Amino acid sequence: MKIRDASDGAAVAMAALIIRRGGLVAFPTETVYGLGADAQNPRAVAKIFEVKARPRIDPIIVHVSDIAMARKYGEFPKCAQPVMEKFWPGPLTLVVPKKSSVPAIVTAGLETVAVRIPAHPVAQNLIRFSGCAIAAPSANMFGCVSPTEARHVADQLSCGADMILDGGPCAVGLESTVLSLAGDTPRILRPGGTSIEELSGMLGNLDAGGAVTNLPQAPGQMESHYATRTPLDIVEENGPEMNPGEKTGLLSYKPVSRGDGYAAVEILSESGDLREAAANLFRSLRRLDAMQLDRIIARPVPEKGLGIAIMDRLRRCSAARKRPDL
Ligand code: TXA
Ligand code: MG
């Protein structure tokens, strides 16, 4: 079986060997599981695009183990230093001008590169044992919900990865925040596991507007993404409820007083905690999606802290019904 327990050091060593030899390894990070390849091996990176059916125009994040290693791949402006020191390792990806060491396939031909130091010890060990930076998108089919457990990867991509390292459920449960430091003003390209409030405390002129109100425009930031197969609508507490005759699931942030009539109810956080809700979001969406429902109704969450990223994912998921191929 190619799912291996990541607490077994021999499995991580074997995974590193696979990476060095140009193979693909799915591995846990604190955000979601990634599908990794040697970032400097264009043929290995090409396999990632094939396995995920990911368009070649969508660039991939380079994962490194420390700041010195990050500098081998990107030109970090002065303002990046305190950000890197405060938020790395952690759920923050920085987009900066790229160095020539990064193959074009990784950045989809862009002059910028996205770099991140993951906090998960298994991800860190995998990078160190491999001796190379690891290019890794989330380990799901393109456009679908990201995996937060090893079996989610096995369900979607089992034939694609040469090994899946099982490190248990991901603690953050949402992808990293993508922050561009490549332009005149720092700009959020994707809200995620590092809150925008924390970042704007450090970067006074942070442009987060696009991420909060509209859907951000960046490569790979398609309006429909993170999609369930079941159509999902975001409906306020007192908004229109389920349609008669439809088998409907409810995704609620807090415990509900009226769950009657729903075929299934998923509560993201018993105590109304946004971190807990974020950690449970993708697992709950998967559970509902496996139930052959006609429709999922999602209640909005407060748009602060991780709630901004949760609402971003829900909005994209609800936009996905416009895609005929899902
Ligand atoms: O938490 C995460 O970020 C996870 C884990 C595995 O690290 N990775 C992840 O990768 O979510 P992916 O490929 O699913 O999403 C990365 C996003 C994409 O929307 C991509 O377009 C954007 O980052 N991105 C990557 N390089 C970029 C660049 N040079 N400029 C702008 N956006 C970039
Ligand atoms: Mg992804």
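Small disclaimer: the values here were computed from a predicted structure and weren't measured.

With that settled, the discussion passes to the overall build of the chain. Each helix and strand counted, the chain has eleven helices and 14 strands in total. In terms of C-alpha radius of gyration, the chain reaches 19 Å, essentially the compact-globule figure of 20 Å for 326 residues. For the chain, with 326 residues in total, the buried portion stands at 57%. Long-range pairs, those at least 24 residues apart, make up 68% of the contacts in the chain between residues at least 6 apart in sequence. On the chain, the mean spot of the 37 positive side-chain charges and the mean spot of the 35 negative ones are 5 Å from each other.

Our next topic: the environment of A320. Its place among the elements puts A320 in the segment after α11 (307–319). Separated by 42 residues in sequence, A320 and A278 have C-alpha atoms that sit 20 Å apart.

A word on the domain arrangement of the chain. Interface size, as often reported, equals the accessible area lost upon joining of the parts. Domain annotation of the chain identifies domain 1 (2–203) and domain 2 (232–318). For domain 1 and domain 2, the distance between their C-alpha centres works out to 28 Å. Counting residues at the interface gives 21 residues for domain 1 and 14 residues for domain 2. Together, the buried faces of domain 1 and domain 2 total about 1,500 Å²; carbon and sulfur atoms form 58% of this surface. On the domain 1 side of the contact with domain 2, V145, L174 and P191 bury the most area, a combined 35% of that side's loss. When the shortest N-O distance is used, the salt bridge between E149 and R283 registers 3.0 Å. Where domain 1 meets domain 2, there are eight residue pairs in polar contact (both at pLDDT 80 or more). Of all the elements in the fold, those that place two or more residues in the side of domain 1 that touches domain 2 are α7 (150–157) and α8 (196–202). By residue class, the composition of the side of domain 1 that touches domain 2 is nine nonpolar, eight polar and four charged.

Criteria and cut-off values
Residues numbered from 1 in each chain as written. Chains lettered and ligands numbered in written order. Predicted model: local features only at pLDDT ≥ 70, side-chain atom pairs only at ≥ 80, totals over all residues. Heavy atoms only, no water. Helix = DSSP H or I, 4+ residues; strand = E, 2+ residues; numbered from the N terminus. Rg over C-alpha atoms; globule rule 2.2 N^0.38 Å. Buried < 20%, exposed > 50% of the residue type's maximum accessible area, 1.4 Å probe, protein only. Contact = heavy atoms within 4.5 Å. Lys, Arg positive; Asp, Glu negative; His and termini not counted. Charge placed at Lys NZ, Arg CZ, Asp CG, Glu CD. Domains from an automatic or database assignment. Buried area = accessible area lost by both parts, 1.4 Å probe. Salt bridge = Lys/Arg side-chain N within 4 Å of Asp/Glu carboxyl O. Polar contact = N/O pair within 3.5 Å; in protein donor to acceptor, adjacent residues only side chain to side chain. Nonpolar A, V, L, I, M, F, W, Y, C, P; charged D, E, K, R; others polar.

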